[in-house]
Amino acid sequence: MDSIVTTEDTIAAIASAISIGKGGVAIIRVSGKDSINSCKKIVQTKSKYAWESHRVFYGFIKENKQNKFIDEVLILVMKSPNSFTGEDVVELHCHGGIIIVNKVLKRLLSCNSRVRLANPGEFSQRAFLNGKIDLTQAESINQLINASNTRSAELAFSGIQGEIKKKINDIKNDLINQLCEIEARVDFEEDFTDFDYTKYLKKIKKVKEKIELLIENAKRNSYIHNGISIALIGKTNVGKSSLLNLLAKKEKAIVTNIPGTTRDVIEVNLTINDIPMKIIDTAGIRETHEQIESIGIKKSFGKIKESDFIIYIYSLEEGFNEEDKKIIEEIPKDKLITILGNKKDLIDRKNINSNELKNTILMSIKHNDGERLLIDTIIKKCGLKQVENINIFLNERHLTNLSACLSNLNDTDEIIKNKLPFDLLSIELRDGIQNLSKITGQELTEELLDNIFSKFCIGK
Ligand SMILES: Nc1nc2c(ncn2[C@@H]2O[C@H](COP(=O)(O)OP(=O)(O)OP(=O)(O)O)[C@@H](O)[C@H]2O)c(=O)[nH]1
Ligand SMILES: [Mg+2]
């Protein structure tokens, strides 16, 4: 690391989650060149380790008036550059709850006008500006704090350990090598043998494959982090609401044998196999002139568009017919879909048309027969079976820049194919490298920084 950029202000915030009656300890974090001095003003201690770096010592927070204390605390000092932000950092470990920790924070803020309350993400922003972490590591910290399941937390932690940075830098180095060769040719063409276009295209193809693999993985990772939204679609009376209740293990939706029972959308959030899933029950689709039902059916089509995954349900008793075919044709081709033939208990398996069986899950929802198979199918279709291959989570910002880089590389193919001027290759490669640098934060604008760190919580 080159040098620590210490901004004028010292910042302070409560860094732990606080709530009444929960959590025995609350932590106030202070970072900046006035952090140690300011804390000295409010702490009374007899410890022989007092104010030494990377030592925990015991003391009291003094009230403004003499001989009165607000709290009994443990203090941890981490002197620059060996701290999270790279600046001098002090952590005050107070008693939990809300009242005392806020009182200590208020006391700290009032003792020195150069100490102010931190903005959301400002500690991480300072860590980034001081080269302690790159942008992807900072974003992964935020992702870890917001993780709702163990797999999402694992992915986030691998980002904190620099896995995203490693993958991006690996691709970037490939492109830099290509760029060096091309730029040298632009400058000293006469000293080189003819450019081997085939070799170049082969190398770029490999780089493109690496990027495509990252993008493909990202979709699966997004299911782990953000969850899968699954819409239950089909004609009336086929068992959509019964399936919602079965998966939720609760009577969330009304089930009757009257077609058109569900009029409005019902959504239930569940965690199945450690993966967050939003199950969306919808109104059954049929021709109707009834106003409320029509609105419900319109919403069903809306939910098809919004969801990641469609479970299309039909009744085996009635058979898969033209109406079902028509509805399925309305489902966009990019959606993941599974077809479920329900009410297996009402039919003799021998009477099922063998075409119907292909790619169809047979279930008896009412008798809880086939649930495991359905869940396994969803997980497999979302590509979540091979989780061991997935070790990073890419957010929208990373994906946009990766796609931009991919499009730069596709353009270099076009340049070669159309025998366009050689130096255009170098322009595209430079742009591609720049797009990758944006991911790790080597290509930064103020606006981008503000945008990223404002999504953090205060104290991080
Ligand atoms: N025999 C049998 N009946 C079932 C099965 N699953 C659901 N049913 C019955 O089918 C009827 C309709 O079920 P629902 O779950 O309300 O169907 P739906 O698709 O939500 O219907 P709408 O809300 O009208 O669109 C109810 O009487 C259920 O008990 C099954 O596996 N076997
Ligand atoms: Mg229903």
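Source: prediction; values computed, not measured.

> Please clarify how the overall build of the protein chain should be interpreted in this entry.
Looking only at helices and strands, the protein chain has 15 helices and 13 strands in total. Seen through its principal axes, the protein chain has C-alpha atoms that stretch 85 × 80 × 40 Å. Counting all 460 residues of the protein chain, 47% fall into the buried class. Of all intrachain contacts in the protein chain linking residues separated by at least 6 positions in sequence, the fraction that spans at least 24 positions is 67%. Accessible area for the protein chain stands at about 24100 Å²; split by element, carbon and sulfur atoms hold 50% of it. The average position of the 67 basic charges and that of the 65 acidic charges among the side chains of the protein chain differ by 7 Å.

> Would you explain the UniProt feature "binding site: K(+)" (unreviewed entry) in the protein chain in this entry?
What UniProt calls "binding site: K(+)" (unreviewed entry) maps, in this numbering, to Asn 237, Thr 256, Ile 258 and Thr 261. Across 25 residues of sequence, these annotated residues stay compact in space, with a maximum C-alpha separation of 8.0 Å. At 3.4 Å, the side chain of Asn 237 and the backbone oxygen of Asn 257 are in polar contact. Note on placement: Thr 261 falls in the loop between α8 (240–248) and β9 (266–272). Using a relative accessible area of 29% as the deciding quantity, one classes Thr 261 as partly exposed. If we ignore the near neighbours within four places in the chain, the residues touching Thr 261 are Ile 254 and Thr 256. In terms of polar contacts, Thr 261 uses its side chain to reach the backbone carbonyl oxygen of Ile 258, at 2.5 Å.

> Hey, could you run me through the sheet that holds strand β13 (residues 360–362) in this one?
Two strands in a sheet stick together by hydrogen bonds in their backbones, pointing the same way (parallel) or opposite ways (antiparallel). Read from one edge to the other, the open sheet built from 6 strands follows the order β9-β10-β8-β11-β12-β13, with strand pairing classed as mixed. Strands at the two margins of the open sheet, each flanked by one partner only, are β9 and β13. Across the sheet, the mean angle separating the axes of adjacent strands is 25 degrees when strand polarity is ignored. In the sheet, strand β8 (residues 228–234) pairs with strand β10 (residues 275–281) via 5 bridges, with the strands oriented parallel. From the neighbouring strand, Ser 229 faces β10, where its bridge partner is Lys 278.

> What's the story with a positive patch on the surface in this structure? I'm lost.
The grouping of Lys 199, Lys 202, Lys 203 and Lys 206 at the surface amounts to a positive patch. Among the secondary structure elements, Lys 206 is positioned in helix α7 (residues 197–226). Of the residues examined, Lys 206 reaches a relative accessible area of 61% and is grouped as exposed.

> Explain the coordination of the magnesium ion (ligand 2) to me, please; I cannot follow it from the model alone.
Under ideal tetrahedral coordination, the four donors around a metal are separated by 109.5 degrees; under ideal octahedral coordination, the six donors are separated by 90 or 180 degrees. The coordination sphere of the magnesium ion (ligand 2), as far as protein atoms go, consists of Ser 241 (OG) and Thr 262 (OG1), spread over 2.0 Å. Separated by 21 residues along the polypeptide, Ser 241 in helix α8 and Thr 262 in the loop between α8 and β9 bring together distant segments of the chain. This pair shows no difference in class: Ser 241 is buried, exactly as Thr 262 is.

> Is there a simple way to think about helix α10 (residues 322–329) in this case?
Turning to α10, its buried residues number three or more, namely Asp 324, Ile 327 and Ile 328. Viewed along the axis of α10, the buried residues span an arc of 100 degrees, placing them on a single side of the element. Away from the buried face of α10 by more than 90 degrees, exposed residues Glu 322, Lys 326 and Glu 329 are located. On its buried side, α10 packs onto β8, β11 (309–315) and β12 (336–342). Measuring from the side-chain oxygen of the N-cap residue of α10 to the backbone nitrogen of Glu 323 gives 3.1 Å; that N-cap residue is Asn 321.

> I would appreciate a short explanation of the nonpolar core in the present structure.
One recurring pattern in soluble globular proteins is that nonpolar side chains are buried together. Ranked by size, the top nonpolar core spans 33 residues in total, and within it Ile 228, Ile 230, Leu 243, Ile 311 and Ile 378 carry the most contacts. Elements with a contribution of two residues or more to this core: α7, β8, α8, β9, β10, β11 and α12 (371–381). The element contributing the most residues to this core is α8, with 5 residues. Aside from chain neighbours lying at most four places away, what touches Ile 228 is Tyr 223, Ile 275, Pro 276, Met 277, Lys 278, Asp 308, Phe 309, Ile 378, Cys 382 and Leu 384. If you look at the next biggest cluster of nonpolar residues, it comprises 28 residues, including Ile 204, Val 207, Ala 218 and Leu 402.

> For this particular structure, what's the right way to read the packing of aromatic side chains?
By convention here, two paired aromatic rings are described through the distance between centres and the angle between planes. With the rule as written, the count across this model stands at 4 aromatic pairs. For the pair Trp 51 and Phe 57, a centre-to-centre distance of 5.1 Å together with 70 degrees between the ring planes defines the contact as edge-to-face. There is no split in this pair, since Trp 51 and Phe 57 are both buried. Between Tyr 58 and Phe 60, the ring centres sit 5.5 Å apart and the planes meet at 70 degrees, which makes this aromatic pair edge-to-face. Take Tyr 58: its relative accessible area is 41%, and that puts it in the partly exposed class. Grouped by ring-pair contacts, the aromatic residues Tyr 58, Phe 60 and Phe 69 constitute a single cluster. A cation over a ring is seen here: Arg 29 above Phe 123, with NZ or CZ 5.3 Å from the ring centre.

> Help me out: how do you make sense of the sheet that holds strand β3 (residues 43–44) in this one?
Pairing is mixed in the open sheet, where 7 strands are placed in the order β3-β4-β5-β6-β2-β1-β7. Strands with a single pairing partner mark the edges of an open sheet, and in this sheet they are β3 and β7 (115–117). Relative to strand β6 (residues 89–95), strand β5 (residues 69–78) is paired through 5 bridges, and the arrangement is antiparallel. Note that in β6 the partner of Leu 76 across the bridge is Glu 91. Most of the contacts of helix α1 (residues 35–42) go to β6, to which it runs at about 35 degrees, and overall it touches β1 (10–14), β2 (25–31), β3, β4 (56–62), β5, β6 and β7. Sitting on the sheet, helix α2 (residues 99–111) touches β1, β2, β4, β5, β6 and β7, and the angle it makes with β1 is about 170 degrees.

Analysis parameters
Residues numbered from 1 in each chain as written. Chains lettered and ligands numbered in written order. Predicted model: local features only at pLDDT ≥ 70, side-chain atom pairs only at ≥ 80, totals over all residues. Heavy atoms only, no water. Helix = DSSP H or I, 4+ residues; strand = E, 2+ residues; numbered from the N terminus. Buried < 20%, exposed > 50% of the residue type's maximum accessible area, 1.4 Å probe, protein only. Contact = heavy atoms within 4.5 Å. Areas by Shrake-Rupley, 256 points an atom, 1.4 Å probe, with all protein chains shown as cover. Lys, Arg positive; Asp, Glu negative; His and termini not counted. Charge placed at Lys NZ, Arg CZ, Asp CG, Glu CD. UniProt positions renumbered as here; feature names shortened; annotations may be inferred. Polar contact = N/O pair within 3.5 Å; in protein donor to acceptor, adjacent residues only side chain to side chain. Pairing = 2+ DSSP bridges. Axes fitted to C-alpha atoms, helices over the stretch in contact; angles between N-to-C directions. Patch = residues over 30% accessible without salt bridge, like charges linked within 9 Å, V, L, I, M, F, W, Y side chains within 5 Å. Salt bridge = Lys/Arg side-chain N within 4 Å of Asp/Glu carboxyl O. Donors = N, O, S within 2.8 Å, 3.2 Å for Na, K, Ca; no water. Arc of directions from axis to C-beta. Core = buried A, V, L, I, M, F, W, Y, C linked by side-chain atoms within 4.5 Å. Phe/Tyr/Trp six-rings, centres within 6.5 Å; stacked < 30°, edge-to-face > 60°. Lys NZ or Arg CZ within 6 Å of the ring centre and 35° of its normal.

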